[in-house]
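In case you want the letters, here they are:
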Amino acid sequence: MLSDSELKIISFLKSKKVATSDEISKETGLPLSTVFSNLALLESKGIVKVISDKKIQYISLTSEGESRLRDGMPEDKLLRLLNGNVGNLQELRSKMGSDFEIALGWAKRKGLVELNGEEIKPLVKDYSSPENTLLLKLRNGDSLNENEIQTLMKRKLVERKERRLVEVELTQDAVSKPQELYLTHEMLVSGSWRGKEFKPYNVEALPPFYPIGKSHYFRDFIEKVKDLMISLGFKEVVSDYVEMEFYNFDMLFQPQDHPAREIHDSFIVNGHGSLPNEELVRRVKDTHEKWWKYSWSEENAKRLVLRSQTTAVTARVLSKSPKNARVFTIGKVFRPDSIDATHLVEFHQMDGLVIEDEFTFRDLLSTLRDIFSGLGVKQIKFKPAYFPFTEPSVEVYGFVDPLGWVEMAGAGLLREEVTNPSGVYAPAGAWGIGIDRLAMLFLGVKDIRDLYSTNIEYLRSRRVV
Ligand SMILES: N[C@@H](Cc1ccccc1)C(=O)O
């Protein structure tokens, strides 16, 4: 496709065959810089051939030269004012203004006047300076010889400049080939398309790629899990990444010397939180001291960590002493680890809690079946397990082709040591599902780090599911 400027240049060249950049600029009205860039384009398209491309020197008026050309040389003016008579210095100075000193200087140097005290006496009657003649010559486009140029340069009336001059011709191809036309609305209306030759459409040309904005695919997956839980009648609850150990561990009956509370198993955050109502704190303390047989410390419970399990959110729900509950939370948890294709120090869990009179262990297992079936894992099995806060406890395995049985969750009925201190006496089922592993299985992601990728090329390549 040719631009308007290119078309203008071509049509001028068709009448001229060979032309210079100066002529093209003058004829088409395009500024020289535009002419140069378009000639380069046309050359690369094989439409024009560059015959010569050179720098030429030329003489250009300075701004002083321009004003002298307009108003005359100062010494010429002085002599015109004197008009053959003796003149007074003061008078002439006030008539001529700032040009007077220059005029007087040159008139003396050229031997045109004599100075006598306050009197100026002209030695010639009429005077037209050679500089003036040269300026007029230059304006008429006549060329000056070196001497003449020097005369003007000495008085800073002209300067030497350099300019690029390109000479081009249309190539044979461009001349013989009929101009490629694009069908326009106007041609259709006027019927002028008849008998013309058009550039054929290339129906195989690929369209330009315009990436659309979309959400991160792992974010989408998390949204899908939320949708599923809501469709199963659960309400979402959320809380912060920075958590008091009281909720992350103590309320969950994990003793204060539990290995998970060691510095290399949790991220410690500076500072401390404030404990909830005294009654709850006292009952948690009593429970720990009664069963774990150690002296429970409030200071330790107030320490802050990056939550290591979303079960901390479950603990927060419990601390409100609900009569019943059907809630879930989904979000990031943090654990120190060495990073590789299957381990990161931050990942996602989805914890859930059901508090309901008559809720049984079998109800819990069937709830888990519903959740996994909704997630697309139709075959699951349970294996007895241990967690400090549930009894009985199970690990949930799901069958995924071609891997086989994959561990996906931990679950159980919350111990009375966990529920009772909050005043919850109804049975409660709880679970925690590893979301990253599931996402990797479903989305065909081999490296867990890809779930958190910010590489725009990679993210664009992921299909919207
Ligand atoms: N929080 C446990 C999972 C779990 C949650 C709730 C009940 C039982 C187990 C973990 O991170 O491994």
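Preceding this paragraph is the structure being described.
Since the structure is predicted, the reported quantities are computational estimates derived from the model, not experimental observations.

Here we take up the sheet that holds strand β10 (residues 303–306). Taken in spatial order, the 3 strands of this open sheet run β8-β10-β9, and their pairing is antiparallel. Since the sheet does not close on itself, it has two edges, and those belong to β8 (242–244) and β9 (268–272), each with one partner. In this sheet, neighbouring strand axes are inclined to one another by 35° on average, regardless of whether the strands run parallel or antiparallel. As judged from the 3 bridges shared by β9 and β10, these two strands associate in the antiparallel manner. Looking at β10, one finds that histidine 272 is bridged to arginine 303.

Applying the stated criterion to the full structure yields 32 salt bridges. Ionic pairing is found between arginine 219 and glutamate 223, a salt bridge with its closest N-O pair at 3.4 Å. One end of the pair is arginine 219 and the other is glutamate 223, both in helix α12 (residues 217–231) and 4 residues apart, which spans about a single turn. Put simply, arginine 449 and aspartate 447 hold a salt bridge, and the shortest N to O gap is 2.9 Å. Assessed through its relative accessible area of 39%, arginine 449 is described here as partly exposed. The buried category is assigned to aspartate 447, whose relative accessible area is 19%. Three or more residues joined by partner-sharing salt bridges are found here, namely Glu64, Arg68, Lys77 and Asp99.

How each quantity is defined
- Residues numbered from 1 in each chain as written.
- Predicted model: local features only at pLDDT ≥ 70, side-chain atom pairs only at ≥ 80, totals over all residues.
- Heavy atoms only, no water.
- Pairing = 2+ DSSP bridges.
- Helix = DSSP H or I, 4+ residues; strand = E, 2+ residues; numbered from the N terminus.
- Axes fitted to C-alpha atoms, helices over the stretch in contact; angles between N-to-C directions.
- Salt bridge = Lys/Arg side-chain N within 4 Å of Asp/Glu carboxyl O.
- Buried < 20%, exposed > 50% of the residue type's maximum accessible area, 1.4 Å probe, protein only.

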